[in-house]
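For reference, the chains in residue letters:
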Amino acid sequence: MNHSSASFGRSVAAHSILLLYTVIALFPVFVIVINSFKSRKAIFRSPLSLPDEQTFSLIGYQTVLKQGDFFLYFQNSLTVTVMSLFLVLLFGAMAAFALSEYRFKGNSLMGLYLALGIMIPIRLGTVAILKLMVASGLVNTLTALILVYTAQGLPLAVFILSEFMRNVSDDLKNAGRIDGLSEYRIFFRLVLPLVRPAMATVAVFTMIPIWNDLWFPLILAPAEETKTVTLGAQVFIGQFVTNWNAVLAALSLAIVPVLVLYLIFSRQLIRGITAGAVK
Amino acid sequence: MASVALQNLVKFYGKTQVLHGIDLTVADGEFIVLVGPSGCGKSTSLRIISGLEGATSGDVMIGERVVNNLEPKERDIAMVFQNYAIYPHMSVRRNIGFGLRTAKMSKADKTARVDEVARILSMTELLDRKPDQLSGGQRQRVAIGRAMVRDPAVFLFDEPLSNLDAQLRTQMRLEIKKLHQRVGNTIIFVTHDQVEAMTMADRIVIMKEGRIQQVGTPQEVFHLPANLFVARFIGAPEMNILKGHWRDGLVFLDGVAPFKSDVSSLLKSQPVLVGVRPDHLTVGGESPLFAGTVNVLEPLGSETLVYVTVNGTEVIAKASGRAPPAVGDVVSLSASAEDMHLFDETSGQRIT
């Protein structure tokens, strides 16, 4: 009796803390979304109230959809995010496999070198990156962004994935070798499915900063045809006048694709796929 | 099917030598068990045969081929691992069929082959399950099925029963032995359990510190152990070892009447170690060898293990299960001369 009431109290406490945190974390998003459906006056008069019959307005969305090529911006953002994500996961997993599976000279040194990127922000190298892109004629292309984001995401991916791959049983890989699998097939058919939860984690961690980034699109690809959503939304922010309806609508729209991607990966976050493989 | 031969196999890990020249010939269709304490090189030998590891020097032959430089898949072998190593994200059917993936067979033939293997291992109804829905014994059976499906020349087993509970282990032991009698492929089986070795093997290879100590049938290694290590390793409880002295065809043990031993290779008087198994040392009996005080009794049902102190040394003997002596009794112990083993005191080798 005592025990169960104590654990009940504890779970209430834990849940209220988590709920509080959720409210704090979601509050700004909530405010953005509700205000994107209000008229300009209503936004300033009572920013926290829900849109009602008088204040409801789609003017922000209309502006966004009329203004320039917001679909193109979305497409750019998606292309950059998905391609970078794909390359980060592919190369990160391959490097992690090599580091965790094969014994070669300088293995741990190489691992350290690849992990170093976690500690050094890539933006420190912006000037050099810009020079590089100018020299190779990649300025104002999506390729430039994809390359930079791939480089930015790799260190963390390699670090996390190599830890997970070390935990994949050696016997399993050896069984594959005896069954006649090549090293590539062992990687793709045996190891990758087993580290899927880790891949999903890495995917989420990699995806969000890329989608939200303003810095590199602004510097490397500010042209109209390569603008990303975050950069596109800046059109409505002026030095003297800001079109808040449009900004909030653009931001609300920008949440949708990333939310969809997140939902896809979070379904893969189911643990225990490896449970029972190896006793 | 094929024979397997190891010729002067040497393996170094860095500067540590783990195999000191292993020579072994396994006949076609033979069930051979490599047994020894951990770190004796038995698993390393198996991995070298499988091709998962290379030897530092020496040759591995499977059939008539030297396979030193061949990949595991080219060696016509299959291996069963201690951790089962079945693919967790595939159904039982796909696990078993996985080895056939590259085989040049029609799809129907492959399915038929998987069904046949499942029938032999009586797990047809489990084919559509995932590994995490199986018990330990069933998982091990899947692993064996995956090995069987390709009908390899040689089966390699790397301590496959170590993770199972005692009852299941006994059962799987029997199943593997029956399987061998049915399919007749060459089997090389690694274990650290001498009971597994004794019960399953055609011949046992006993290893220690990277060297083969003895190769022989279960009867040979039990009744004619080549040295002290083998004598102690095989048989439970362990063989009793007593210090003694050989002179003119008689063995003298401390404070015990000498007994006859007609070993021909001994010429002069010399110290020896006398080994006698608890199974052969009986309480009472016709010709008592020595007497001592009973310390501890371990009733096993059909018999009772009796720990007896003889001149300060503790020896283990067997008494009947129905009427064992009591603790504190002074009992006489007897053994027949043919069950007494003599070993050289310094080298530990058997004296014949």
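Note that the structure is a prediction, hence the values are computed from the model and not measured.

Peer 1: Explanation requested: the overall build of chain B in the structure shown.
Peer 2: A tally of regular secondary structure across chain B gives 8 helices and 20 strands. The principal-axis extents of the C-alpha atoms in chain B amount to approximately 75 × 45 × 35 Å. Within chain B, the proportion of its 352 residues that are buried is 41%. Within chain B, contacts between residues at least 6 apart in sequence are counted, and of these 64% link residues at least 24 apart.

Peer 1: Just checking my understanding: could you explain the overall build of chain A for this structure?
Peer 2: Looking only at helices and strands, one finds 13 helices and 0 strands in chain A. Secondary structure elements of chain A occur, N-terminal to C-terminal, as α-α-α-α-α-α-α-α-α-α-α-α-α. Seen through its C-alpha atoms, chain A measures out along the principal axes to roughly 75 × 70 × 30 Å. Here chain A holds 279 residues, and 35% of them are scored as buried.

Peer 1: Got a minute to help me understand the pairing of strand β3 (residues 31–35) of chain B in this structure?
Peer 2: Put simply, side chains in a regular strand alternate between the two faces of the sheet. All names here are of chain B. The element β3 is extensively covered by neighbouring structure, given that 5 of its 5 residues are classed as buried. Burial of β3 is two-sided: the residues Phe31, Val33 and Val35 facing one way and the residues Ile32 and Leu34 facing the other way are all buried. Bridge analysis of β3 against strand β8 (residues 186–191) gives 5 bridges, and the strand direction is parallel. Within β8, the position partnered with Ile32 by the bridge is Ile188. In the sheet, β3 pairs with strand β9 (residues 203–208) via 4 bridges, with the strands oriented parallel. Following the sheet pairing, Val33 is matched in β9 by Ile204.

Peer 1: Would you take a moment to explain the sheet that holds strand β2 (residues 16–26) of chain B for this structure?
Peer 2: Working definition: the strands of a sheet are paired by backbone hydrogen bonds and lie parallel or antiparallel to each other. All names here are of chain B. The antiparallel open sheet is built from 4 strands, whose spatial order is β2-β1-β4-β5. Each edge of the sheet is formed by a strand with only one pairing partner; in this case those strands are β2 and β5 (65–66). In terms of strand pairing, strand β1 (residues 4–13) meets strand β4 (residues 57–62) through 5 bridges, oriented antiparallel. Paired with Val4 across the strands is Ile62, a residue of β4. The strands that helix α1 (residues 42–50) touches are β1, β2 and β4; relative to β1, the one it contacts most, it runs at about 115 degrees.

Peer 1: Is there a simple way to explain the domain arrangement of chain A in this structure?
Peer 2: Interfaces are often described in size by the accessible area the parts lose on coming together. Residues and elements named next belong to chain A. You can read the domains of chain A as domain 1 (2–57) and domain 2 (68–268). Relative to domain 2, the C-alpha centre of domain 1 lies at a distance of 31 Å. Each partner contributes residues to the interface: domain 1 has 7 residues there, and domain 2 has 7 residues. Breaking the side of domain 1 that touches domain 2 down by element, the ones donating at least two residues are α1 (2–36) and α2 (40–45). Tallying contributions element by element places α1 first for the side of domain 1 that touches domain 2, with 5 residues.

Peer 1: Help me out: how do you make sense of the nonpolar core in this one?
Peer 2: Across soluble globular proteins, nonpolar side chains show a tendency to be buried alongside one another. Residues Leu145, Leu161, Val191 and Val195 of chain A together with Val33 and Ile188 of chain B are the most contacted members of the largest nonpolar core, which totals 141 residues. Element by element, the count of residues in this core is highest for helix α7 (residues 142–166) of chain A, at 15 residues. Setting aside its immediate chain neighbours within four residues, Val33 of chain B contacts Phe189, Thr191, Ala197, Met200, Ala201, Ile204 and Val205 of chain B. Counting 13 residues, the second largest nonpolar core, distinct from the first, contains Val64, Phe236, Ala250 and Ala254 of chain A.

Peer 1: What is the right way to look at the interface of chain A and chain B in this model?
Peer 2: If you look at the interface, chain A gives 19 residues, while chain B gives 23 residues. Mapped onto the side of chain A that touches chain B, the elements with two or more residues apiece are α8 (170–178) and α9 (183–194) of chain A. The element best represented in the side of chain A that touches chain B is α8 of chain A, accounting for 6 residues. Tallied by class, the residues present in the side of chain A that touches chain B amount to 10 nonpolar, 5 polar and 4 charged.

Definitions and cut-offs
- Residues numbered from 1 in each chain as written.
- Chains lettered and ligands numbered in written order.
- Predicted model: local features only at pLDDT ≥ 70, side-chain atom pairs only at ≥ 80, totals over all residues.
- Helix = DSSP H or I, 4+ residues; strand = E, 2+ residues; numbered from the N terminus.
- Buried ≥ 20, exposed ≤ 12 C-beta atoms within 10 Å, placed from the backbone.
- Contact = placed C-beta atoms within 7 Å.
- Pairing = 2+ DSSP bridges.
- Axes fitted to C-alpha atoms, helices over the stretch in contact; angles between N-to-C directions.
- Domains from an automatic or database assignment.
- Core = buried A, V, L, I, M, F, W, Y, C linked by C-beta atoms within 7 Å.
- Nonpolar A, V, L, I, M, F, W, Y, C, P; charged D, E, K, R; others polar.

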